[in-house]
Amino acid sequence: MVPTTCTDSSQPAQGKFISFEGTEGVGKTTLIAGVAKILIEKGIDFIQTREPGGSPFAETLRGLLLDPAVTMTDDSELLLMFSARSDHVATVILPALAQGKWVLCDRFIDSTLAYQGFGRASGDEQVLAKIQILIDNFVPKLPDTTIWLDLPISEGMQRAKNRGTLDRFEQEQIAFFERVYQGFEYCHRQQPKRIQRINASGDMAGVLQKVLTVLDI
């Protein structure tokens, strides 16, 4: 997925970095599209992007990371995530922010802490410390606001199954996603101001309105 862009040079906007997080099937894609629609209506320049991926190089690594036929060690998975992220940040996110654009990113560092730090490693302190070192060294810009779409795991997994073929992560057992959820709770406790917890149950229009209120648009 090469980032999509909306540009209106007649009304320059202040660049903001917004990430959207959550377990599988929480509705990130739908809500990002809803936010994008509002930004278009307001004439705010923005790009939509995603992780893993977002740049040509990172999209190649995304294919490996999500391929159910590919097996890899936990460390290999973690390093591939950051290799993709390093390129994505340098070639897509930072240039867009420098141009005053909003960046709407489907997943970012909190997914790594949740999936690799908790889903894979059950919150092991050494693994979390390793991830933090990678963040400190390869992520020069954190999101201004992170939207954590909080949805019961069973509901989200049913939505994911309804979409069709499951990727390498979506094929994990429910216990894996229970640990991932604990990871997002951990991230929220660590940075409650940046990470805004949104109840993603119910009508999508209502959830979108909550997100728009948090983002003040």
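Quantities reported herein were computed from a predicted structural model and do not represent experimental measurements.

Under the counting rule described, the total for this entry stands at eight aromatic pairs. An angle of 80° between the planes, with centres 6.4 Å apart, marks the rings of tyrosine 115 and phenylalanine 184 as edge-to-face. With tyrosine 115 in helix α4 (residues 109-120) and phenylalanine 184 in helix α7 (residues 174-190), the pair connects residues that are 69 residues apart, well separated along the chain. For phenylalanine 184, a relative accessible area of 2% translates into the label buried.

It is worth spelling out the layout of surface pockets at this point. Space inside the largest pocket adds up to approximately 640 Å³. Residue lining of the largest pocket: 32 residues in total, with Glu24, Lys28, Arg62, Asp106 and Arg107 positioned closest to the centre. A total of five residues in the lining of the largest pocket trace back to one element, the largest contributor, which is helix α1 (residues 28-42). Counted as a void, the second largest pocket has a volume near 180 Å³. What lines the second largest pocket is a set of 14 residues, among which Leu113, Gln132, Ile135, Gln190 and Gln191 lie closest to the centre. In terms of residue count, the dominant contributor to the lining of the second largest pocket is helix α5 (residues 125-138) (four residues).

Look at helix α8 (residues 204-215): 16 Å from first C-alpha to last across 12 residues, which is about the 16 Å you get at 1.5 Å a residue. Where α8 is concerned, the buried positions are Val207, Leu208, Val211, Leu212 and Leu215. Buried residues in α8, looked at end-on, bunch into an arc of 140°, giving them a common side. The inward-facing, buried residues of α8 contact β2 (17-21), α1, β4 (102-106), β5 (145-150) and β6 (195-199). Of the residues that open α8, the one with a side-chain oxygen 3.0 Å from the backbone nitrogen of alanine 205 is aspartate 203. Backbone geometry just downstream of α8 places aspartate 216 in the positive-phi region, at approximately 60°.

Attention now goes to α5. When the terminal C-alpha atoms of α5 are compared, their 20 Å separation across 14 residues agrees well with the 20 Å that a helix rising 1.5 Å per residue should span. Looking only at α5, the buried set comprises Val127, Leu128, Ile131, Leu134 and Ile135. Looking straight down α5, one finds that the buried residues subtend no more than 120° of arc, so they occupy a single side. More than 90 degrees from the buried face of α5, the exposed residues found are Glu125, Gln126, Ile133, Asp136 and Asn137. On its buried face, α5 sits against α3 (74-98), α4 and α7.

Now for the packing of α1 against α8. Running from N to C, α1 and α8 cross one another at 55°; their axes reach a closest spacing of 10 Å. As the angle between them shows, α1 and α8 are arranged oblique. Here α1 and α8 pass one another in a crossing that is right-handed. Seen from α1, the contacting residues are Thr30, Leu31, Gly34, Val35 and Ile38; seen from α8, they are Met204, Val207, Leu208, Val211, Leu212 and Leu215. Within the contact of α1 with α8, the residues separate by chemical class into nine nonpolar, two polar and no charged.

Definitions and limits used
Residues numbered from 1 in each chain as written. Predicted model: local features only at pLDDT ≥ 70, side-chain atom pairs only at ≥ 80, totals over all residues. Heavy atoms only, no water. Phe/Tyr/Trp six-rings, centres within 6.5 Å; stacked < 30°, edge-to-face > 60°. Helix = DSSP H or I, 4+ residues; strand = E, 2+ residues; numbered from the N terminus. Buried < 20%, exposed > 50% of the residue type's maximum accessible area, 1.4 Å probe, protein only. 1 Å grid on protein atoms, 1.4 Å probe; cavity = no way out; pocket = protein on both sides within 12 Å on 5 of 7 lines; lining within 4 Å. Points joined across faces, edges and corners; volume = space filled by probe spheres on them. Expected span 1.5 Å × (residues − 1). Arc of directions from axis to C-beta. Contact = heavy atoms within 4.5 Å. Polar contact = N/O pair within 3.5 Å; in protein donor to acceptor, adjacent residues only side chain to side chain. Axes fitted to C-alpha atoms, helices over the stretch in contact; angles between N-to-C directions. Parallel < 35°, antiparallel > 145°, perpendicular 65-115°, else oblique. Left-handed = near helix turned anticlockwise from the far one by under 90°. Nonpolar A, V, L, I, M, F, W, Y, C, P; charged D, E, K, R; others polar.

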